[in-house]
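Breakdown of the fold
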Amino acid sequence: MAGTRRAVGRSGSRGGIAGARAWLGLPGLVEGGAADLVAYDTDPTLDSSVLAHPSRIIPRGRVIA
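Scoring rules and cut-offs
Residues numbered from 1 in each chain as written. Predicted model: local features only at pLDDT ≥ 70, side-chain atom pairs only at ≥ 80, totals over all residues. Heavy atoms only, no water. Helix = DSSP H or I, 4+ residues; strand = E, 2+ residues; numbered from the N terminus. Buried < 20%, exposed > 50% of the residue type's maximum accessible area, 1.4 Å probe, protein only. Contact = heavy atoms within 4.5 Å. Areas by Shrake-Rupley, 256 points an atom, 1.4 Å probe, with all protein chains shown as cover. Polar contact = N/O pair within 3.5 Å; in protein donor to acceptor, adjacent residues only side chain to side chain.

Structural notes on the overall build of the chain
Per the secondary structure count, the chain includes 2 helices and 2 strands. Counted from the first residue to the last, the chain has its helices and strands arranged as α-α-β-β. Across the 65 residues that make up the chain, the buried fraction comes to 15%. Pairs at least 24 residues apart make up 33% of the contacts formed inside the chain by residues separated by at least 6 positions. Looking at the chain as shown, the accessible area adds up to about 5000 Å², and 58% of this sits on carbon and sulfur atoms.

Topic: the side chain of Asp-43
Residue position: Asp-43 is located in the loop between strand 1 (37–39) and strand 2 (56–58). Residue classification places Asp-43 among the buried positions, given a relative accessible area of 10%. Of the polar contacts made by the side chain of Asp-43, one reaches the side chain of Thr-45; its length is 2.7 Å.

This is the structure in structure tokens:
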């Protein structure tokens, strides 16, 4: 999962996460705010086939897979 964290960090530093939230009319990342997370064992930018098999799915802060 370390590779995934790096990939998300790179995306966020380019405004990907903040830009998407602003486009949706949502505030930025704030304490207590709703958040979804999908994690992969392999960096999806290196192997897109991993997108079909997330290692962890967490919608609204609840782990479902």
